[in-house]
Amino acid sequence: MAERESRGDGLPGGGLEFSDFCTAYRPSLVALGVVLCGSSQEAEDAAQQALAEARIRWETIRHPKAYTRQIVIRSLTGSRRWWHRARPLPEQEIPLPGGSPVDEHLKVLDVLAAIRRLPPRQREVMTLLGQHELTAQEIAQTLGVSVNSVHQNIHVARMKLRLLLGMGPGPVSSGDGIAGVPTGDPLVALVREAMTALRRGISAKQRAERQEGHR
């Protein structure tokens, strides 16, 4: 299931205590970073930076998810050493949930690898669309680009991903769904499933690390 903004958005800290938000949303920030940059350590550092900045301004932030997402993306896009290289995503950088059937595990790896092969902007829009179900306007605000640019990048990214995943060219966007993507689009569903699996794996890993630290 993709993530949406909470009902508490608009209240200080989105209506949440910072500690609760940090525990609940950190895996999503790390997942976003892993797919964008291909490094779990870089993603962890970006998420930590975002949460540290959010903590300082917690009482003035009304949309903490959007705020921290922007910091993660800004932090990673500022590292130009590797950002424009569509390097493969090493399997060890993908902490997927344990107990998943092998075919489902491989499917998730294929989808994440395909996203990593996209150019940076297309990678961003598909990750934001798949993981967070943002509208074109929300994606544009997050990335600081025009809505038209978002639609163009989603359109091209969907065509490329369909070919990379052996799904064929697919239908032209009809504009009847989120960010102009046809409602029920199977490609976006695959992206959402892959991002959900990655987020859950990261959450399980972080939970295990906390438990280990308490021993």
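Predicted model only: the values in this text are computed from it and were never measured.

Thresholds, definitions, all that
Residues numbered from 1 in each chain as written. Predicted model: local features only at pLDDT ≥ 70, side-chain atom pairs only at ≥ 80, totals over all residues. Heavy atoms only, no water. Helix = DSSP H or I, 4+ residues; strand = E, 2+ residues; numbered from the N terminus. Buried < 20%, exposed > 50% of the residue type's maximum accessible area, 1.4 Å probe, protein only. Contact = heavy atoms within 4.5 Å. Salt bridge = Lys/Arg side-chain N within 4 Å of Asp/Glu carboxyl O. Phe/Tyr/Trp six-rings, centres within 6.5 Å; stacked < 30°, edge-to-face > 60°. Core = buried A, V, L, I, M, F, W, Y, C linked by side-chain atoms within 4.5 Å. Polar contact = N/O pair within 3.5 Å; in protein donor to acceptor, adjacent residues only side chain to side chain. Axes fitted to C-alpha atoms, helices over the stretch in contact; angles between N-to-C directions. Parallel < 35°, antiparallel > 145°, perpendicular 65-115°, else oblique. Nonpolar A, V, L, I, M, F, W, Y, C, P; charged D, E, K, R; others polar. pLDDT = per-residue confidence, 0-100. Expected span 1.5 Å × (residues − 1).

Draft legend 1. Quick peek at the overall build of the chain. Assigned secondary structure in the chain consists of eight helices and zero strands. When the elements of the chain are put in sequence order from the N terminus, they spell out α-α-α-α-α-α-α-α. Going through the 215 residues of the chain one by one, you find that 48% of them count as buried. Taking contacts inside the chain between residues at least 6 apart in sequence as the whole, the part at least 24 apart equals 71%.

Draft legend 2. Quick peek at the pattern of salt bridges. On inspection of all chains with the given rule, the structure shows five salt bridges. Note that Glu-44 and Arg-26 form a salt bridge whose closest N and O atoms lie 3.3 Å from each other. Placement of the pair is Glu-44 in helix H2 (residues 40-56) and Arg-26 in helix H1 (residues 18-37), with a sequence separation of 18 residues. Neither residue differs from the other here; Glu-44 and Arg-26 are each classed as buried. For Arg-158, the salt bridge goes to Asp-185, with nearest N and O atoms at 3.2 Å. Of this pair, Arg-158 sits in helix H7 (residues 147-164) while Asp-185 sits in the loop between H7 and helix H8 (186-213), placing them 27 residues apart in sequence. The residues Arg-158 and Asp-185 share a single accessibility class, namely buried.

Draft legend 3. Inspection of the packing of aromatic side chains at higher detail. All told, the structure shown has three aromatic pairs when counted by the stated rule. Aromatic pair Phe-18 and Trp-58: ring centres 5.2 Å apart, planes at 80°, arrangement edge-to-face. Highlighted residues: Phe-18 in helix H1 and Trp-58 in the loop between H2 and helix H3 (64-77), separated in sequence by 40 residues. We note that Phe-18, like Trp-58, is buried. A centroid spacing of 5.2 Å and a plane angle of 45° characterise the contact between Phe-21 and Trp-58, whose relative ring orientation is tilted. Note that Phe-21 is positioned in helix H1 and Trp-58 in the loop between H2 and H3, a separation of 37 residues in sequence.

Draft legend 4. Up close: the nonpolar core. Formed by 52 residues in total, the largest nonpolar core has its most connected members in Met-126, Ile-139 and Leu-161. At the level of elements, H1, H2, H3, helix H4 (102-116), helix H5 (120-132), helix H6 (136-143), H7 and H8 are the ones that each hand at least two residues to this core. The contact partners of Met-126, leaving out residues within four places of it in the chain, are Leu-118, Ile-154, Ala-157, Arg-158, Leu-161 and Val-191.

Draft legend 5. Representation of the side chain of Thr-127 within the structure. Within the secondary structure, Thr-127 sits in helix H5. At 2.7 Å, the side chain of Thr-127 forms a polar contact with the backbone oxygen of Arg-123. When near neighbours in sequence (up to four residues on either side) are disregarded, Thr-127 contacts Leu-32, Val-35, Leu-36, Ile-115, His-132 and Met-195.

Draft legend 6. Spatial organisation of the environment of Val-35. As for its placement among the helices and strands, Val-35 is situated in helix H1. Overall, the relative accessible area of 0% leaves Val-35 in the buried class. Along the primary structure Val-35 and Leu-112 are separated by 77 residues, whereas in three dimensions their C-alpha atoms are 7.0 Å apart.

Draft legend 7. Examining the packing of H5 against H7 more closely. Running from N to C, H5 and H7 point in directions that differ by 90°, and their axes come no closer than 9 Å. The orientation of H5 with respect to H7, classified from their angle, is roughly perpendicular. Across from Arg-121, Gln-122, Val-125, Met-126 and Leu-129 in H5, the residues of H7 making contact are Asn-153, Ile-154, Val-156, Ala-157, Arg-158, Lys-160 and Leu-161. A breakdown of the residues in the contact of H5 with H7 according to their chemical character gives seven nonpolar, two polar and three charged.

Draft legend 8. Region of interest: the confidence of the model for the chain. The predicted model of the chain has a mean per-residue pLDDT of 82, with 75% of residues at 70 or higher. The secondary structure element of the chain with the lowest average pLDDT is H8, at 86, and the one with the highest is H2, at 94.

Draft legend 9. Here's a closer look at H7. Compared with an ideal rise of 1.5 Å per residue, which puts 18 residues at 26 Å, H7 spans 25 Å between its outermost C-alpha atoms and is within 8% of the ideal. Those residues of H7 lying buried are Ser-149, Val-150, Asn-153, Ile-154, Ala-157, Arg-158, Leu-161 and Arg-162. Phi turns positive one or two residues past the end of H7, at Gly-166, with a value near 70°.

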